[in-house]
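This is what each chain is made of:
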Protein chains: 2
Amino acid sequence: MIRKYTYGNPIETDAVVEKKETQTGSLPYFSVEKTETVKFSYIMDPADVVYGLGENVRGINKRGWLYESRNADEPNHREDRHSLYASHNFLLIDGKDHFGVFIDYPGILTFDIGYTKLNELVITPREADLDVYIIEGESKLDIVKQFRQMIGRSYIAPKWAFGYQQSRWSYMDEEEIRDIAKQHRDRKIPLDAIYLDIDYMERYKDFTVNQETFPNFAEFVKEMKDQNIHLVPIIDAGVKVEAGYQTYEEGVANNYFCKNVKGEDFVAGVWPGDVHFPDFLNPDARKWFGHSYQFLLDQGIEGFWNDMNEPATFYTRERIDEMMEDASNREWDLDYFLDFKDKVSVIANNPEDYKKMFHNMNGERISHEKVHNLFGYNMTRAAGEAFEELCPDKRILMFSRSSYTGMHRYGGIWTGDNLSWWQHILLNIKMMPSLNMMGILYTGADMGGFGADATEDLVMRWMEFALVVPLMRNHSALDTRRQEVFRFENVDAFRKLVELRYGLIPYLYSEYMKAVLYNDMYFKPLSFVYTEDPFVSQVEDQLMVGESLMIAPVYTQNAAGRYVYLPEEMMMLRMRGLHDYECRKMEKGHHYVEADLDQVLLFLRPDHLLVLGEAAQSVAQLNTEEFKVIGFVREKAEYVLYDDDGYGKDYENCSNYTTITVDKTGTWKTEGGKELNLQIELYDTTGKRI
Amino acid sequence: MIRKYTYGNPIETDAVVEKKETQTGSLPYFSVEKTETVKFSYIMDPADVVYGLGENVRGINKRGWLYESRNADEPNHREDRHSLYASHNFLLIDGKDHFGVFIDYPGILTFDIGYTKLNELVITPREADLDVYIIEGESKLDIVKQFRQMIGRSYIAPKWAFGYQQSRWSYMDEEEIRDIAKQHRDRKIPLDAIYLDIDYMERYKDFTVNQETFPNFAEFVKEMKDQNIHLVPIIDAGVKVEAGYQTYEEGVANNYFCKNVKGEDFVAGVWPGDVHFPDFLNPDARKWFGHSYQFLLDQGIEGFWNDMNEPATFYTRERIDEMMEDASNREWDLDYFLDFKDKVSVIANNPEDYKKMFHNMNGERISHEKVHNLFGYNMTRAAGEAFEELCPDKRILMFSRSSYTGMHRYGGIWTGDNLSWWQHILLNIKMMPSLNMMGILYTGADMGGFGADATEDLVMRWMEFALVVPLMRNHSALDTRRQEVFRFENVDAFRKLVELRYGLIPYLYSEYMKAVLYNDMYFKPLSFVYTEDPFVSQVEDQLMVGESLMIAPVYTQNAAGRYVYLPEEMMMLRMRGLHDYECRKMEKGHHYVEADLDQVLLFLRPDHLLVLGEAAQSVAQLNTEEFKVIGFVREKAEYVLYDDDGYGKDYENCSNYTTITVDKTGTWKTEGGKELNLQIELYDTTGKRI
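Below is a summary of the structure that appears in this document.

**Points about the interface of chain B and chain A**
Then comes step 1: Facing the 62 residues of chain B at the interface are 62 residues of chain A.
Then comes step 2: Overall, the association of chain B and chain A removes approximately 5100 Å² of surface from exposure, summing both partners, and the carbon and sulfur fraction of that is 57%.
Then comes step 3: Counting the surface chain B buries against chain A, the share from its top three residues, Leu118, Leu334 and Tyr563 of chain B, is 13%.
Then comes step 4: Where chain B packs against chain A, one counts zero salt bridges.
Then comes step 5: The interface formed by chain B and chain A holds 29 residue pairs in polar contact (both at pLDDT 80 or more) in total.
Then comes step 6: Within the residue set of the side of chain B that touches chain A, elements represented by two or more residues are α7 (317-328), α8 (334-345), α12 (422-437), α13 (456-466), β30 (561-566) and β33 (589-594) of chain B.

Structural data, given as structure tokens:
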């Protein structure tokens, strides 16, 4: 059951698609205090667990910190940060009470979850104009499903986007990209995509291609696609100010850009130098910007990533001029020097600049500050709405850096500029189920880490987790150590791991699609499945992946294994590759499990099935009819394998759903869907191969 | 056995006190390559463990990263850093070979320990003038002991410095300090010291006291000492340039400051504004600076901390002028803005500035760059040498931020500007045994974290580890959340934990003193004790503390316990306080152990004894004759309890050593030393209380 409570005059965010009536009674669970704004307080029991907040720092259990919804271009994902790139204002309280709360509010909002006082949860929006939804249900998962139902079906990526993807800021020209493709293909490392970071453009102008470095872009896109490699260009939020540049001229002519205090087009500095920001909150501007992607679709592009859309600003000229004028008139003593350094450090993404930027929302002039968290969402919505018109029958890969609830309908996200830190593998693990709660299912972190220098062991361990993450992309920053896997010593081990990914795709894609279609979570905390187990809420470094698997990634350097908690007896698969693994039955409880640097630990639930395909060099080349099915069957196990052509949108077609049944003797059959050729690898309850 | 190999013409560092003859043969273990400098390479087996490097980032096992000896004012102890404040060029290789290597070299040096290639260890000094010591022994501990013997006995802190200490940047005046003392005393939270950060000085001038905020300093020192609270002032490396200021005038008049390229006194900006740096490598200057501490000793001060002695520089005027002139003549486009930001970011601690600073070493002019890592060491040596003359019969508390091997004879260190991060608890744990290998025994991290905002649970968990750390100091930075424990909700829990510390002091002090006197390690990795256990080299989050205890701190937020590995059967003590604990015998092997937020996990080895005293409000008030002895005795257990007056230096006096013997029936006796009154709390091998 969902109840909606309205305070003041909320700005419509379009987060919710199943509209609810506003309740008249008082808000349950919380005490509400009217201050200059409004403050919602809830007293937690010491053992209560608080889930939610999607993309943010810290644990699956969010207790013990102050979080802020303030979409931020924040490359330092340190544990003392309060915000990252997104605002996902949903919490799920699990303890003496069980309920979800969604705060639909586009402005700045804080969640003090036991930061000021260990047992007090306080939610404070900057202004008292918002909708609060209280969601009650039978279970944690039921509450999440109701929330998801209300906010609408999640974005569905094309199947090729489940392949391995290689990125770098930046591959500079055709020749470099050809080489990256060749290095993978020569070594038989599967690959489905190579990314174009900002340097593919002409002077960082959206919807342009640098003619010197990519003289025959459409041909080059085709050349790569003939190898089953997709090129995925980046699109930035800011449009370069440059006379004669089409996007700029169109935006100016039609008043599609955000305005400054004087009503002129707002100017900030980003990669292209001075830019204007399209007013994505204005439906006309959104439509115009979305249709601009046509330029790249026409050249054969089938996927994009939207960046810098918090929006990030490096500077405004006013702020620099002010700083420099002041600096040249001052005595440079220590105090002033420190003051000056502080000033330099807040030039980028300055909240005062956001206050001076204005949107046109249905004819009304609204300060950006009040709707800050909607910007990236609506940039991606612009693209998503346009794709529905431009290519209604084909899925286009789309993911964004910044987001707000609602954007999950138009694209996924990547988790932004992480670092080559071991602890960021763990952060990646923890963030995935939190994002899934928000409906963000097509997601992943920069594998190997974006900033800082990676080591071979870090990349390998990270890959072992990324193997089961929908967006499996190796991405790294300018001036950091190269981390394409072919550059390291143990190329064979990396190849076997990527092959394992491709063997897992039938299962992973099936689980992803079912999670989307049934408002389910692809990644779940163990506590969402084993609801009666008092220990599992403690487990933050293992996840359920779909209905059959639990994973326990190794994320510490020089570790030859890790502790694993099994909430029931399971079959451990310790895998070096698709054809190089060992199975062992393990009892419910705590275990220390060894895992060499190149070994992945998967755990198969009893009476569940794992469908494994053969590897291929790309998703397009996967055999979709012959599978190995690994089972650990007490009586009978059933698995619904979802598959489709990977491009179209006929998701409900019953031929997509094949029910596989296996009994404990290994007898199998399929119903509905497709004819499959299965090889059954069965283990009995003692762990012996049947 | 220690062998010394000399390359080129090394600069004397005085790291080594037991001088060795240079060998003529070739360096064992390493292949030596002459490049512009010299490169030492060693091929590791995949399972080899590399210990060492003292104060640096990452694990107890240093494999998998590139480390640099370059003493750095580095407040971001991120895992991608290469240096912190110290250079401790000792490695211990444990695998197919077993040896220690100490590189005595005062300049910049890199240790590539499997960073470039997973199995290759490469050591590269910037210039080929150095001594290399190869140390072989019967065991890891034996190698460490030989190394320690060679570099000389570690600094010994006064006993009061094992009490609980409270710090903050800064307690501004007498009134604030009085209040901090009162808040602790009123709530019966034991306390032995309050720290004076930079604001106690007059305009940040060393060896001055601000007369407005501390008008009667000597009286105030006495007022505090009457409460058994020591005031511990900070001393910075830079001496303010200010006409008439005694230290400045003396330094200038006697040419005691480092010089610039023109032979004038070198100027850089630090807290006081422009400063000169005393030339600590010049024995006359060292003596002069050391004797300046007399000013504070005379006012009753008995302890100091030496800071900013990498040396840290915030700026040089030349660099700022250059930057500003350039800035005012340039077009402020994006490229220049980014360039400018980069320039601002490297103004502090710029290596080019160090190149322009010069020392006078025995009449020879030497660029600071070549001896950079000796600076902090010799600042603290200045003080230590002076104290030997000024108060030869009394120990003075002294610890430093920056260090190099050799400094351990004159003071301890604190581990610098960490952050209120959970992972910095773990870093603290890992760093302690590495520092102990280097002879740095009086050490600790800023409990609760220096930078960023702490939470109550973080401070409590951190304290649970800090309980056994010699330097147990709660310290935090300007503008961060206050973290004195009386400010939190669960003051009782904090008090019980601090009381537990005071009850542990008899054991901790005894173990510290024996570690110093026998060149032993106070904190050991488990692998140094359980040398035959193949698993223990994996354990990086448990430590041996002295001869009887193993600890397993909880360092993750919202955790209600943790995994613990027991290398033999042990007695677990799960403690909320000195009189609130539970004992349980646990088998060798892996365990998950619960620990509430206010519970500490200690593990007592069989046939070892834990001597516990009663709590007191200060170390001076501890009862040193009545103890509880907890034992887990199969036949007989013996423990040598070291104690002394805590101030004097008659360490070898046999009355300091009392041998306690307990047999399995609980019969006890003492030999030598003092008459003790013991209460025996014995458990049999089934874990039952006898």
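**Let's talk about the environment of Leu478 of chain B**
Then comes step 1: Secondary-structure assignment places Leu478 of chain B in the loop between β26 (472-474) and α14 (491-517).
Then comes step 2: In sequence terms Leu478 of chain B and Ala452 of chain B are 26 residues apart; their C-alpha atoms lie 9.6 Å from each other.

**Notes on the packing of helix α2 (residues 174-186) of chain B against helix α3 (residues 217-225) of chain B**
Residues and elements named next belong to chain B.
Then comes step 1: It is at 11 Å that the axes of α2 and α3 come closest, and there the two elements cross at 5 degrees. Relative to α3, the element α2 is oriented roughly parallel. For the pair α2 and α3, contact is made by Glu174, Ile177, Arg178 and Ala181 and by Phe220, Glu223 and Met224, respectively.
Then comes step 2: Tallied by class, the residues present in the contact of α2 with α3 amount to four nonpolar, no polar and three charged.

**A closer look at the pattern of salt bridges**
Residues and elements named next belong to chain A.
Then comes step 1: Counted according to the given criterion, the structure contains 127 salt bridges over all chains.
Then comes step 2: A salt bridge links Arg70 to Glu68; the shortest N-O distance between them is 3.1 Å.
Then comes step 3: For Asp492, the salt bridge goes to Arg495, with nearest N and O atoms at 2.7 Å. Highlighted residues: Asp492 and Arg495, both in helix α14 (residues 491-517), separated by three residues, approximately one helical turn.
Then comes step 4: Accessibility expressed as a relative area gives 48% for Asp492, which makes it partly exposed.

**Thoughts on the relation of the copies chain B and chain A**
Then comes step 1: Here chain B sits on chain A after a turn of 180 degrees about the axis and a move of 0.0 Å along it, with an RMSD of 0.0 Å. Here the symmetry operator amounts to a two-fold rotation axis.

**A look at the sheet that holds strand β31 (residues 570-577) of chain B**
Residue and element names in this part refer to chain B.
Then comes step 1: Read across the open sheet, the six strands follow the order β27-β28-β29-β34-β31-β32; overall the sheet is antiparallel. On the outer flanks of this sheet lie β27 (523-524) and β32 (580-586), each paired with one strand and no other.
Then comes step 2: In terms of strand pairing, β31 meets β32 through seven bridges, oriented antiparallel. Its bridge partner lying in β32, Met575 is registered against Tyr581.

**A short note on the side chain of Ser618 of chain B**
Then comes step 1: By the element assignment, Ser618 of chain B lies in the loop between β35 (609-612) and β36 (626-632).
Then comes step 2: If sequence neighbours within four positions are ignored, Ser618 of chain B has contacts with Arg185, Leu191, Asp192, Asn228 and Tyr502 of chain B.

**Topic: empty space enclosed by the protein**
Picture a little ball the size of a water molecule; that probe, rolled over the atoms, points out where space is still empty.
Residues and elements named next belong to chain A.
Then comes step 1: For the structure shown, the criterion picks out 10 cavities of 30 Å³ or more.
Then comes step 2: Lining the largest cavity we find 16 residues, and of these Lys159, Pro506, Thr624, Phe627 and Asp643 sit closest to its centre.
Then comes step 3: For the lining of the largest cavity, the elements supplying multiple residues, two or more each, are α14 and β37 (636-642).
Then comes step 4: Here the lining of the largest cavity is composed, by residue class, of eight nonpolar, five polar and three charged.
Then comes step 5: There is about 80 Å³ of room inside the second largest cavity.
Then comes step 6: If you trace the second largest cavity, you find it lined by Arg461, Glu464, Phe465, Val468, Ile551, Ala552, Pro553, Val554, Gln599, Val600, Leu601 and Leu602.
Then comes step 7: Of all elements in the fold, only α13 (456-466) and β34 (600-604) reach the threshold of two or more residues within the lining of the second largest cavity.
Then comes step 8: Residue composition of the lining of the second largest cavity, by class: nine nonpolar, one polar and two charged.

Basis of the calculations
- Residues numbered from 1 in each chain as written.
- Chains lettered and ligands numbered in written order.
- Predicted model: local features only at pLDDT ≥ 70, side-chain atom pairs only at ≥ 80, totals over all residues.
- Heavy atoms only, no water.
- Contact = heavy atoms within 4.5 Å.
- Buried area = accessible area lost by both parts, 1.4 Å probe.
- Salt bridge = Lys/Arg side-chain N within 4 Å of Asp/Glu carboxyl O.
- Polar contact = N/O pair within 3.5 Å; in protein donor to acceptor, adjacent residues only side chain to side chain.
- Helix = DSSP H or I, 4+ residues; strand = E, 2+ residues; numbered from the N terminus.
- Axes fitted to C-alpha atoms, helices over the stretch in contact; angles between N-to-C directions.
- Parallel < 35°, antiparallel > 145°, perpendicular 65-115°, else oblique.
- Nonpolar A, V, L, I, M, F, W, Y, C, P; charged D, E, K, R; others polar.
- Buried < 20%, exposed > 50% of the residue type's maximum accessible area, 1.4 Å probe, protein only.
- Least-squares fit on C-alpha atoms with pLDDT ≥ 70 in both.
- Pairing = 2+ DSSP bridges.
- 1 Å grid on protein atoms, 1.4 Å probe; cavity = no way out; pocket = protein on both sides within 12 Å on 5 of 7 lines; lining within 4 Å.
- Points joined across faces, edges and corners; volume = space filled by probe spheres on them.

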